[in-house]
Amino acid sequence: MSPSTFRKLEVAMPWLVIGSSLAIWEAAVRLFAVREFILPAPTVVVNALIAFHEPIISNSLFTLMNTLIGFGIGVGVGLFLGIMIGSSRLVYAGLYPILVGINSVPKAAVVPVLVLWMGIGQPPAITTAFLLSFFPIAVNVATGLATTEPELEDVLRSLGASALDILLKVGIPRSMPYFFASLKVAVTLAFVGAVISETIASNDGIGYLMLQAASQFRTALMFAGLIVIAAMGILTYLFFVLIEQKVTGWATRKQDVMMTGG
Amino acid sequence: MDKPAAPDFVDIRDVMLRYGESGGTVALDGLDMRVGKGQFVAVVGPSGCGKSSLMKLVTGLQKPTRGSIFVEGSPVNGPLKIVGMAFQNPTLLPWRNLLRNVMLPLEIVRPHRAQFRAQRKKYEARARELLEVVGLDGFEARYPWMLSGGMQQRANLCRSLIHEPELLMLDEPFGALDAFTREEMWGILQDLWMERGFTCIFVTHDLREAAYLADVIFVMSARPGKIINVHRVDLPRPRTLQSTFDPAFIEIVQKIRNEIAQVRQEGKTRHKAGGS
Ligand SMILES: Nc1ncnc2c1ncn2[C@@H]1O[C@H](COP(=O)(O)OP(=O)(O)O)[C@@H](O)[C@H]1O
Ligand SMILES: [Mg+2]
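Only a predicted model underlies this, so the values are computations on that prediction, with no experimental measurement involved.

1. What to know about the overall build of chain A
Tallying secondary structure elements over chain A gives twelve helices and zero strands in all. In chain A, the succession of α and β elements from N to C terminus is α-α-α-α-α-α-α-α-α-α-α-α. At 23 Å, chain A has a C-alpha radius of gyration far larger than the 18 Å of a compact globule built from 262 residues. Seen through its principal axes, chain A has C-alpha atoms that stretch 75 × 60 × 25 Å.

2. Notes on the pairing of strand S4 (residues 66-71) of chain B
Along a regular strand, successive side chains alternate from one face of the sheet to the other. Residue and element names in this part refer to chain B. Note: strand S1 (residues 10-18) against S4, five bridges, orientation antiparallel. Among the inter-strand pairings, Ile-12 is bridged to a residue of S4, identified as Ile-69. Note: S4 against strand S5 (residues 74-75), two bridges, orientation antiparallel. Bridge assignment links Phe-70 to a residue of S5, and that residue is Pro-75.

3. What to know about the confidence of the model for chain B
If pLDDT is low for a region, its predicted coordinates should not be looked at in detail. All names here are of chain B. For chain B, the mean per-residue pLDDT works out to 89, and 95% of the residues sit at or above 70. Across chain B, the element-wise mean pLDDT spans from 82 in helix H8 (residues 247-274) up to 96 in strand S8 (residues 199-203). At the level of chain-chain contacts, confidence expressed as ipTM amounts to 0.83, with global pTM at 0.81.

4. Topic: the site of ligand 1
Residues and elements named next belong to chain B. In the region of ligand 1, the neighbouring residues are Tyr-19, Thr-25, Ala-27, Ser-47, Gly-48, Cys-49, Gly-50, Lys-51, Ser-52, Ser-53 and Arg-223. Taking Lys-51, its main chain carries an N or O atom lying 2.8 Å from an oxygen atom of ligand 1. At a separation of 3.1 Å, an oxygen atom of ligand 1 approaches a polar side-chain atom of Arg-223. Expressed as a share of its isolated accessible area of 560 Å², the protein-covered part of ligand 1 is 61%. Of the residues contributing to the shell around ligand 1, the split by class is three nonpolar, six polar and two charged.

5. Quick word on the domain arrangement of chain A
Residue and element names in this part refer to chain A. Domain assignment breaks chain A into domain 1 (1-33) and domain 2 (39-252). If you average the C-alpha positions of domain 1 and of domain 2, the two centres end up 31 Å apart. Carbon and sulfur atoms supply 72% of the area that domain 1 and domain 2 bury against each other, a total of about 490 Å² over both sides. Three residues stand out in domain 1 for area buried against domain 2, namely Trp-25, Glu-26 and Val-29, and they jointly supply 88% of the buried area on that side. Counting across the interface, domain 1 meets domain 2 through two residue pairs in polar contact (both at pLDDT 80 or more). The residue makeup of the side of domain 1 that touches domain 2, split by class, is three nonpolar, no polar and two charged.

6. Observations regarding a nonpolar patch on the surface
Residues and elements named next belong to chain A. On the surface, Met-1, Phe-6, Leu-9, Met-13, Leu-16 and Val-17 cluster together to form a nonpolar patch covering roughly 610 Å² of accessible area. Mapped onto the fold, Met-1 is located in the segment before helix H1 (3-31). When its relative accessible area of 73% is taken as the criterion, Met-1 is described as exposed.

7. Quick look at the side chain of B:Thr59
Structurally, the position occupied by B:Thr59 is in the loop between helix H1 (51-58) and S4. A polar contact is formed between the side chain of B:Thr59 and the backbone oxygen of B:Met55, at a distance of 2.8 Å. In this structure the side chain of B:Thr59 is engaged in a polar contact, spanning 3.3 Å, whose partner is the backbone oxygen of B:Lys56. Ignoring anything within four residues of it in the chain, the contact list for B:Thr59 reads A:Ser158, B:Gly78, B:Pro79, B:Leu80, B:Val83, B:Met85 and B:Met169.

8. A word on the pattern of salt bridges
Per the stated rule, a full pass over the model turns up 24 salt bridges over all chains. Residue A:Asp154 is joined to B:Lys56 by a salt bridge in which the shortest nitrogen-to-oxygen separation is 3.6 Å. Taken together, the residues A:Asp154 in helix H7 (residues 150-157) and B:Lys56 in helix H1 connect one chain to another. Here A:Asp154 falls in the buried class, since its relative accessible area comes to 9%. You can call B:Lys56 partly exposed: its relative accessible area is 27%. Bridged by salt links that share partners, the residues B:Arg120, B:Glu124, B:Arg128 and B:Glu140 form one connected network.

9. Focus: the nonpolar core
B:Leu189 and B:Ile217 are the most contacted members of the largest nonpolar core, which has 53 residues in total. With 34 residues, the next largest nonpolar core counts B:Val41, B:Cys49, B:Val58 and B:Met85 among its residues.

10. Notes on the state of the cysteines
All names here are of chain B. Following the criterion strictly, the structure yields zero disulfides over all chains and no others. Take Cys-158: it sits in no disulfide, and the sulfur closest to it among the cysteines is that of Cys-200, at 14 Å. On the basis of relative accessibility, which here comes to 0%, the residue Cys-158 falls in the buried class. Relative accessible area serves as the criterion here: at 0%, Cys-200 is assigned to the buried category.

About the thresholds
- Residues numbered from 1 in each chain as written.
- Chains lettered and ligands numbered in written order.
- Predicted model: local features only at pLDDT ≥ 70, side-chain atom pairs only at ≥ 80, totals over all residues.
- Heavy atoms only, no water.
- Helix = DSSP H or I, 4+ residues; strand = E, 2+ residues; numbered from the N terminus.
- Rg over C-alpha atoms; globule rule 2.2 N^0.38 Å.
- Pairing = 2+ DSSP bridges.
- pLDDT = per-residue confidence, 0-100.
- Near = heavy atom within 4 Å.
- Polar contact = N/O pair within 3.5 Å; in protein donor to acceptor, adjacent residues only side chain to side chain.
- Areas by Shrake-Rupley, 256 points an atom, 1.4 Å probe, with all protein chains shown as cover.
- Nonpolar A, V, L, I, M, F, W, Y, C, P; charged D, E, K, R; others polar.
- Domains from an automatic or database assignment.
- Buried area = accessible area lost by both parts, 1.4 Å probe.
- Patch = residues over 30% accessible without salt bridge, like charges linked within 9 Å, V, L, I, M, F, W, Y side chains within 5 Å.
- Salt bridge = Lys/Arg side-chain N within 4 Å of Asp/Glu carboxyl O.
- Buried < 20%, exposed > 50% of the residue type's maximum accessible area, 1.4 Å probe, protein only.
- Contact = heavy atoms within 4.5 Å.
- Core = buried A, V, L, I, M, F, W, Y, C linked by side-chain atoms within 4.5 Å.
- Disulfide = S-S within 2.5 Å.

Here it is in structure tokens:
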């Protein structure tokens, strides 16, 4: 295989896999006459997508909004906590175990508590999205700060740099690639959080829509909801991958940056 | 070019340095060292003997457990702002181009930091001039990771000199470079030193490098480190690679090599006898 065909094949691979999976799925459902409320064929799911596009769109926008608000708060809090943990050993000692504890609680178990405090709908959805998304951001930023070379710290301290100087000139810029790398993970988790909360306690949102569909055995609609969630997740993920590449080109040390740099 | 400069720009007296509580590693013990203003001195010794620790003491980054250190007549109790430092790892910031990397100290050190915005043009010119001296003109807009190790280390030298320090502390700065690049760096550093007249303390384990660059070579013992011998290198300046074939040069290098071989041997037997 020549290198160029290999590269073409490499690009085509995900589509080939998706396409053939769908084909096998469709064929299997028809061949074994699987009943629709157990597993609808892809074509049936597409039909459901089209037929119910209005509620699907309005509910997914609602979910998207909750996700992004929760994610936004998560970015602020995660960044702040990451900087605190990464730059002070005392804060690290005090907070890190608690954060790990908070992170290891299954968020589905927290939603009922949130509902008790905030009622159903948007507030617990936003909060759950926040709770899931801030942690990877905080951990990544703290890790990035920890990569500051001790020699460089010596150089700057010998010039009379304060801890804040070092944080601003070196620590924070250095942790930015870690921060942007964490955003794509965090935004996917924020989606998970919002949908979990909507499934448990909401009258709106794609999670609620799917729960309704399930209770009425409209399996095709459930699958349509799943596809929409996946699509939103992938798109936001790609969005933050793009931002990451734009903002922190120096961290990937790409050849093409080298060309334009001269 | 003999420099009978005013003595004791750096004055280290009977210094002991222990890391951690009593029972911790004693890195240096009974260390005495004097460096005249404008002198270029090299410190050589087996690895782990406390050379880097010595650098930290002189720059005030580390407090001695016992003994005292004076720079320019005043005791050192905290980071000194008149020093520049460079290490083996160039530690340039990958998100800054060379020019902005070199200017970093000016954003930190007083009084420059207060005038940094207002005087930016002037400082930029100063940085460009330094980069030119080390042969990096035309590379100001490049990012560090686009450059070879030798070029990065030259930029690192510029960064350590941009605030015109009176004392330059170099800790094995050329240790990671290939032999040819390293010898090229000797010439560059010597030029900078002859032109600017700062005092330089240079840690290395390359004895030819020490003999090429230094007026005085301090030989340290194995840990806990102290100065066990001092050699003057009275070769004329500027020295060139040709100087390294001078019999006097070769003799000094041989002598120090034997001394270090001996302290390493002693260090090993002491280690065995101590049973630790
Ligand atoms: N921050 C530190 N804490 C504890 N021990 C240290 C520290 N820095 C250096 N040491 C120890 O002190 C000794 C001297 O180290 P160093 O000054 O780096 O030697 P050199 O630069 O000559 O190789 C070594 O045994 C090293 O392990
Ligand atoms: Mg060392």
